[in-house]
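# Descriptive analysis of the structure
Single-letter residue listing:
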Protein chains: 2
Amino acid sequence: MSSNKPIRFKKPLPEVKDLIKGIVSNDIATLSKAITLIESTKQEHQQLANEVIENCLKQKKQAFRIGITGVPGVGKSTFIERFGKMLTATGKKIAVLAVDPTSSKSRGSILGDKTRMQELVLDQNAFIRPSPSGDSLGGVTRKTRESIILLEAAGYDIIIIETVGVGQSETAVHDMVDFFLLLKLAGAGDQLQGIKRGIMEMADAIAINKADGDNIKPAKQAEVEFKRALHLFPPKENGWTPKVMSCSALKDDGLKEIWEMMQNFYDSAQISGDFIKNRRLQNKSWLTQHIELILKMDFTQNPKVKKLLPILTEKVMEGQLSPFAAAEDIIREYKNG
Amino acid sequence: MSSNKPIRFKKPLPEVKDLIKGIVSNDIATLSKAITLIESTKQEHQQLANEVIENCLKQKKQAFRIGITGVPGVGKSTFIERFGKMLTATGKKIAVLAVDPTSSKSRGSILGDKTRMQELVLDQNAFIRPSPSGDSLGGVTRKTRESIILLEAAGYDIIIIETVGVGQSETAVHDMVDFFLLLKLAGAGDQLQGIKRGIMEMADAIAINKADGDNIKPAKQAEVEFKRALHLFPPKENGWTPKVMSCSALKDDGLKEIWEMMQNFYDSAQISGDFIKNRRLQNKSWLTQHIELILKMDFTQNPKVKKLLPILTEKVMEGQLSPFAAAEDIIREYKNG
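Residues numbered from 1 in each chain as written. Chains lettered and ligands numbered in written order. Predicted model: local features only at pLDDT ≥ 70, side-chain atom pairs only at ≥ 80, totals over all residues. Heavy atoms only, no water.

## What to know about the overall build of chain A
Here is the rule: Helix and strand definitions here come from DSSP, where helices need a minimum of 4 consecutive H or I residues and strands a minimum of 2 consecutive E residues; each element is numbered from the N-terminal end. Residue burial is assigned from relative accessible area. The probe radius is 1.4 Å, only protein chains are included, and a residue is buried under 20% of its type maximum, exposed over 50%, and partly exposed in between. Should any heavy atoms of two residues lie within 4.5 Å, those residues are counted as being in contact. Here the Shrake-Rupley method, with its probe set to 1.4 Å, supplies the accessible areas, and only the displayed protein chains count as covering residues.
Helix and strand counts for chain A stand at 14 helices and 7 strands. For chain A, the proportion of its 337 residues judged to be buried stands at 53%. Restricting to contacts in chain A with at least 6 residues of sequence separation, those with at least 24 account for 77%. Taken as a whole, chain A presents about 15,200 Å² of accessible surface, with 53% of it coming from carbon and sulfur.

What follows is the structure, encoded as structure tokens:
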């Protein structure tokens, strides 16, 4: 069972060793508490969280991280619920995290809507956590990545990261998972639901969901079309050919086949070394991105920059000043500040 | 006629007002000289170049900027030569720039190969400039963007930016043009030539080149396939549906139709206001990118960072240290430096 309410810490704060002990023995209360520390903006909580993360890294445990995206209405919750139940039934321990910066005001999308994932929430082998609140994608992304480290240390076998498929979070999620699944619907409707450009090319597989009843034929047709379209894309660096399948999460149809396909991916990536290679590159890319994020924040929060940047931006947009001259002006001010 | 050799400046340097006068009257020698100033790494040249650029911006002239990309062998040079000749024959003044960071060692791809664009080079209404040399994509991109400003002030109607379609330069070129054309070949060969993922989704149009002789049928087939594939992509924000056409640059077939399609795009973007909106957003994005580039360069060139970053990166890649802890460590060092 998962615990999702924000926890208020009483002083003294928990000890690192107790937190680690609780996490590695998969004590749900401790795990929830540690994730809440990660999500906290208080300096003392963050310091403690950092120590916990460094310790969790030393556990060297590894889950299969799966990203799942798709526009609202495609059936992500039902898919994750049924897919998750299927996996826990075989004894796997699964965790579900959501990355959805737009939902931060409502304290997370997954449990904002109480009717979602009713069964999985009650499953002993499942841990579900809503999207962390945060005022920026960078912040939310960081918290999710750190939570993954904790969940791996706690021994989860599969970590599903859900994202909503219409914003900027998909690239971030793609960068933190081993496998990226795009859920689609058959028919023209889905094309107009505003999924972000570029996501199709990121997908390791596309699953046409809601392939049941009258929808089976259009779904099979969509499957053929997507296969044909993906064939025109350049091949992935690791040699994996993105797969297209159809399923009905509601009817538990096709989920087993999707999981088999993912296991094939996992096994061949482990054998070829692409799995570990991808993880190493992801780690490197997190470091680079995080450094850039901090440098950028330091710049944008500088009082002189705050004052001058909007004025220069307007001039640049109007074509009155070249972007290069403007950049030099403002950086001179920043450096003198 | 174009002038492409690097020019050595004798002191005293040319005066800004003389340069501007030469540029706005489209004096080719002055234009070439000014672009060479832009490409120079000398401080005094760059200062002069900046003044020239700011003055050119005030001219408020606007060309139609067209990006053309495609893998080596797709026929880019022939396409640009024939397409360019067709346009100059109607009295249009056209300029061709190349962005190809990989070619910097050979002083530019366009004229590295002397046989390329033989006719266009001799055309009074055409100005051709090879890829500027530079040690980074950021540097090359900046120089190209600044050259565009000069060419617009000189009254060119159409500016073609050529890029090679396999590296990182396509996104940069996409960000500096009004229209982005992807050249492809029919048949499986082209799919394996390693065009970068994501480029198909950037294209405003795809032209299947070399549609002549025995190749007409496969080209028409490819046209159908690409149309079908693009149909599955999400629509562009400006409402433009990417077009797929075939052509044979060598036989001058289909070029007129491609130009008409581009003019339709131009006209409707002007009427809807998307043209100016796109330019404004591009300007803003140049500013942001350039600020980030400078901040990043200042960081990576810091001696302490140079020493520490590879060590921390290795630890992060190995999973011994979290990217977040590493980032904080190194930024602390940088700030104290």
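That shown, we press on.
## With respect to the pattern of salt bridges
Counted only if it meets this: Between Lys or Arg on one side and Asp or Glu on the other, a salt bridge is scored when a side-chain nitrogen of the former is within 4 Å of a carboxyl oxygen of the latter.
Counted under the stated rule, the structure contains 33 salt bridges over all chains. One salt bridge connects B:Arg142 with A:Glu328, and the closest N-O pair in it is separated by 3.4 Å. Taken as a pair, B:Arg142 in helix H6 (residues 137-153) and A:Glu328 in helix H14 (residues 323-336) lie in two separate chains rather than in one. We note a salt bridge from B:Lys85 to B:Asp123, for which the minimum N-O separation is 3.4 Å. Here the residue B:Lys85 occupies a position in helix H4 (residues 76-89), and B:Asp123 occupies one in the loop between helix H5 (118-121) and strand E3 (126-129), the gap between them amounting to 38 residues. The exposure class assigned to B:Lys85 is partly exposed, which follows from its relative accessible area of 28%. Each of A:Arg65, A:Glu152, A:Asp178 and A:Arg279 takes part in salt bridges that share partners, so that together they form one network.

## Considering the nonpolar core
Quick note on the threshold: Think of a nonpolar core as a cluster: buried Ala, Val, Leu, Ile, Met, Phe, Trp, Tyr and Cys residues, connected wherever their side-chain atoms sit within 4.5 Å.
Core analysis: the biggest nonpolar cluster contains 108 residues, and A:Leu150 and B:Leu150 have the highest contact counts within it. Discounting chain neighbours no more than four positions away, the residues touching A:Leu150 are A:Ile23, A:Leu31, A:Ala34, A:Ile35, A:Ile38, A:Val52, A:Ile53 and A:Cys56. By size, the runner-up hydrophobic cluster in this structure holds 36 residues, among which are B:Ile128, B:Trp240, B:Leu255 and B:Met261.

## Notes on the interface of chain A and chain B
The figure often quoted for interface size is the accessible area lost as the parts come together. For the record, the criterion: Accessible-area loss on putting two parts together, using a 1.4 Å probe and summing over both, is the definition of buried area adopted here. Here a polar contact means two N or O atoms within 3.5 Å. Within protein one must be a hydrogen donor candidate and the other an acceptor candidate, and residues neighboring in sequence count only if both atoms are side-chain atoms.
Listed per partner, the contact involves 60 residues of chain A and 60 residues of chain B. In total, chain A and chain B occlude about 5,900 Å² of area from one another, counting both sides; carbon and sulfur atoms represent 64% of this. Remark: the boundary between chain A and chain B carries 9 salt bridges. For the pair chain A and chain B, the interface holds 15 residue pairs in polar contact (both at pLDDT 80 or more).

## Comments concerning the sheet that holds strand E7 (residues 243-246) of chain A
Residues and elements named next belong to chain A. Going by this rule: Pairing between two strands is assigned when DSSP locates at least 2 bridges connecting them. Between the N-to-C directions of two axes lies an angle of 0 to 180 degrees, each axis being a line fitted to C-alpha atoms and, for a helix, fitted only over the stretch in contact.
Strand order in the open sheet made by the 7 strands is E3-E2-E4-E1-E5-E6-E7, with parallel pairing throughout. A strand with exactly one partner marks an edge of an open sheet, and here the two such strands are strand E3 (126-129) and E7. This sheet shows a mean twist of 20° between the axes of neighbouring strands, independent of strand direction. The strands touched by helix H11 (residues 255-272) within the sheet are strand E1 (64-69), strand E4 (158-163), strand E5 (179-185), strand E6 (205-209) and E7, with E1 carrying the most contacts at an inclination of about 130°.

## Notes on helix H12 (residues 274-300) of chain B
Quick reminder of the rule: What a helix is expected to span follows from its residue count: subtract one and scale by 1.5 Å.
Helix length check: H12(B) (27 residues) gives 38 Å between terminal C-alpha atoms against 39 Å at 1.5 Å per residue, within 8%. Every buried residue belonging to H12(B) is among B:Phe275, B:Arg279, B:Gln282, B:Asn283, B:Trp286, B:Leu287, B:His290, B:Ile291, B:Leu295 and B:Phe299, and all of these are buried.

## Re the pairing of E3(B)
Residue and element names in this part refer to chain B. Residues Ala126 and Ile128 of E3 are buried on one face, and the alternating residues Phe127 and Arg129, pointing to the opposite face, are buried as well. Inspection of the sheet shows strand E2 (residues 94-99) paired to E3 by 4 bridges, in the parallel sense. Looking across to E3, one finds that alanine 95 is bridged to phenylalanine 127.

## Details of the relation of the copies chain A and chain B
One copy of the chain maps onto the second through a rotation about an axis and a displacement along it. Basically, it comes down to this: What sets the superposition is a least-squares fit of C-alpha atoms, and only residues with pLDDT of at least 70 in both copies go into it.
Laying chain A over chain B is done by rotating through 180° and shifting 0.0 Å along the axis; what remains is an RMSD of 0.1 Å. Between the two chains, the operation in question is that of a two-fold axis. Looking at the rotation axis and the C-alpha trace of chain A, the residue lying nearest is A:Ala229, at 2.3 Å. Taken together, the interface assignments show that 100% of the residues at the interface of chain A recur at the interface of chain B, consistent with an identical surface on both copies.

## What to know about the pairing of E5(A)
Residues and elements named next belong to chain A. Here E5 lies mainly inside the structure; 7 of its 7 residues are buried. By the alternation rule, side chains of E5 split into Phe179, Leu181, Leu183 and Leu185 and Phe180, Leu182 and Lys184, which are all buried. Direction of pairing for E1 relative to E5: parallel, over a ladder of 4 bridges. Note that in E5 the partner of isoleucine 68 across the bridge is leucine 181.

## Some words on the sheet that holds strand E7 (residues 243-246) of chain B
Residues and elements named next belong to chain B. Read across the sheet, 7 strands follow the order E3-E2-E4-E1-E5-E6-E7 without closing on themselves; strand pairing throughout is parallel. Two strands lie at the open edges of the sheet, namely E3 and E7, each paired on one side alone. The average angle at which neighbouring strand axes cross in this sheet is 20°, direction not considered. Strand direction decides the pairing type here: strand E1 (residues 64-69) and strand E4 (residues 158-163), joined by 6 bridges, are parallel. Across the sheet, arginine 65 pairs through a bridge with isoleucine 159, a residue of E4. Packing of H4 onto the sheet brings it into contact with E1, E2, E3, E4 and strand E5 (179-185), and relative to E4 it is tilted by some 175°.

## A look at the environment of B:Asn26
All names here are of chain B. One can find asparagine 26 in the loop between helix H1 (16-24) and helix H2 (28-39). The class for asparagine 26 is buried, based on a relative accessible area of 18%. When the C-alpha positions of asparagine 26 and glycine 155 are compared, they lie 7.0 Å apart, and in sequence the two are 129 residues distant. Each residue touching asparagine 26, except ones within four places of it in the same chain, is listed here: Leu31, Lys93, Ala154 and Tyr156.

## Examining the packing of aromatic side chains
Under the convention used in this document: Note on aromatic contacts: the rings of Phe and Tyr and the six-membered ring of Trp form a pair at centre separations within 6.5 Å, being stacked when their planes are under 30 degrees apart, edge-to-face when over 60 apart, and tilted otherwise.
Under the counting rule described, the total for this entry stands at 22 aromatic pairs over all chains. Measuring from centroid to centroid gives 4.8 Å for A:Phe64 and A:Tyr266, while their planes differ by 50°, and the two rings are tilted. In this pair, A:Phe64 sits in strand E1 while A:Tyr266 sits in helix H11, placing the two residues 202 residues apart along the sequence. Taken together, a centroid distance of 6.1 Å and an interplanar angle of 80° make the contact between B:Phe83 and B:Trp259 edge-to-face. Here the residue B:Phe83 occupies a position in helix H4, and B:Trp259 occupies one in helix H11 (residues 255-272), the gap between them amounting to 176 residues.

## Here's the deal with helix H10 (residues 216-231) of chain A
Which entries qualify depends on this criterion: Directions from the helix axis toward the C-beta atoms define the arc.
Over its 16 residues, H10(A) extends 23 Å from the first C-alpha to the last, a length consistent with the 22 Å expected when each residue adds 1.5 Å. If you check which residues of H10(A) are buried, you get A:Ala219, A:Ala222, A:Glu223, A:Phe226, A:Ala229 and A:Leu230. Each buried residue of H10(A) sits inside an arc of 135° when the element is viewed along its axis, so together they form one side. Turned more than 90 degrees off the buried face of H10(A), the exposed positions are A:Lys217 and A:His231. Against E5, helix H9 (199-202), E6 and E7 of chain A together with helix H10 (216-231) of chain B lie the buried residues of H10(A).

## So, the confidence of the model for chain A
All names here are of chain A. Our working definition: Confidence of the predictor at the level of single residues is given by pLDDT, which spans 0 to 100.
Mean pLDDT for chain A: 85, with 85% of residues reaching 70 or above. Looking across chain A, the model is least confident in helix H8 (residues 188-191), with a mean pLDDT of 49, and most confident in H11, with 97. Predicted confidence is poor over residues 103-114, with pLDDT under 50, and the contacts of this stretch with residues over four places away or in other chains come to 27 contacts. This prediction of the complex comes with two scores: 0.73 for pTM and 0.75 for ipTM.

## Quick notes on unusual backbone geometry
Within the chain, A:Lys60 stands out as a residue other than glycine whose phi angle is a positive 55°. As for its placement among the helices and strands, A:Lys60 is situated in the loop between helix H3 (43-57) and E1.

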